[in-house]
Amino acid sequence: PPRAVTVGEGLAVLVARSGPLEQSAVFDRGAGGAEANVALVLAQLGVSTAWVSRVGDDGFGRYLVAQLAAGGVDVGAVTVDPDHPTGLYVKERGSGSGAPHDLPAHASRMHYYRAGSAGSALSPADLAPRIAAGLLDRADLVHFTGITPALSASANELTRTLIALPRRGRLVSFDLNYRPALWGSRVDAAADELAAHVRGADVALLGADEAAEIFGTGDPAALRALFPEPAQLIIKNDKHTVLAFDGDTAVEVPALALEITERIGAGDAFAGGYLAALLHGVDPRTRLRYGHLCAAAALTATGDAAKLPPAQEIRRLAALTDREWA
Ligand code: KDG
């Protein structure tokens, strides 16, 4: 099977059942972190996948590692850091009651508890140990996101190192994942770092809305003009159509019509599906369908990590005619 490595922070997730936090008494525990979510999708789709990360020497860290391992992800290059705790985020979910501080139904808000976390202690040194270096050497693809450079100076340095490593045929994929809450007032630095990663990647995935926020345009043609470098530039728009520039050609595939439960994690599931299909040698249109099918699994659940239907079912659905798909 093809081999992939994802690099980035994992987070424990506490998902509020519903309503504003001051009224939410019950939380479901889950695993999150964009690159961990992508790793889980890749592994479910038959890609031999490793996750390079750091977790604290604590219960949430052990839980995360166990979840990834149970999902078939190689966790041999995850460092347990005794000096920093595992990061956490709380997912607040709207009930649409109209009560003060409540969000609309199906809307959600993230609250990070991750300053000084083990993941923010990621640095170029995490790529150097024998296990991590060996995994990277043998990988067909390495994936990271715009969350990591926002975490700390050392994590930013890690992403610069990662993108500058000799490729030897290995693809680099980068998901923009612009998180203003992590960058704070460092908007110019964010734009510079993130643009450099889009330019340096072979496959870049961008949400039109986040691209508009940080690069000043969400228009696909304008974004392609701004970023001619990545062989594959994938733009997800707010109407849930995804357009992929593959070299000089453009392919567009609409999302499936479905009732959304909760959105966070859907972008990661899309990335995982698209990249797995790419690694399996599938054509551009079908890759986008894989992305949408995996995103659908995340959109119809409250957790971040997508539990997919069996791979042969995904393969069958991805092969529908255009009429059946619509
Ligand atoms: O894409 C989902 C991620 O945003 C979530 O899992 C948490 O990694 C995360 C982050 O930093 O936002």
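Because the structure is a prediction, the values reported are computed rather than measured.

1. Regarding the sheet that holds strand β1 (residues 3-7)
At step 1: Pairing within the open sheet is mixed, and its nine strands lie in the order β5-β4-β1-β8-β9-β10-β11-β12-β13. On the outer flanks of this sheet lie β5 (78-81) and β13 (249-254), each paired with one strand and no other. Pairs of neighbouring strands in the sheet enclose a mean axial angle of 15°, with direction left out of account.
At step 2: Of the strand pairs in this sheet, strand β12 (residues 241-246) and β13 are connected by six bridges, and their pairing is antiparallel.

2. Examining helix α5 (residues 153-164)
At step 1: The end-to-end C-alpha separation of α5 is 17 Å, in line with the 16 Å expected for twelve residues at 1.5 Å each.
At step 2: Along α5, the residues that are buried comprise Ala155, Asn156, Leu158, Thr159, Leu162 and Ile163. Here the buried residues of α5 occupy an arc of 155° about the axis, which is enough to place them on one side. In α5, the exposed positions angled more than 90 degrees off the buried face are occupied by Ala153 and Ala164.
At step 3: Those residues of α5 that are buried lie in contact with β1, α3 (130-138), β8 (141-145), α4 (148-151), β9 (171-175) and α7 (187-200).

3. Quick word on helix α1 (residues 34-44)
Since the α-helix advances by 3.6 residues per turn, residues separated by three or four positions end up pointing in the same direction.
At step 1: Within α1, ten of the eleven residues are buried, which leaves it mostly tucked inside the rest of the structure.
At step 2: Taken together, the buried positions of α1 are occupied by Ala34, Glu35, Ala36, Asn37, Val38, Ala39, Leu40, Val41, Leu42 and Ala43.

The rules we used
Residues numbered from 1 in each chain as written. Predicted model: local features only at pLDDT ≥ 70, side-chain atom pairs only at ≥ 80, totals over all residues. Heavy atoms only, no water. Pairing = 2+ DSSP bridges. Helix = DSSP H or I, 4+ residues; strand = E, 2+ residues; numbered from the N terminus. Axes fitted to C-alpha atoms, helices over the stretch in contact; angles between N-to-C directions. Expected span 1.5 Å × (residues − 1). Buried < 20%, exposed > 50% of the residue type's maximum accessible area, 1.4 Å probe, protein only. Arc of directions from axis to C-beta. Contact = heavy atoms within 4.5 Å.

Purely geometric numbers; function is a separate question.
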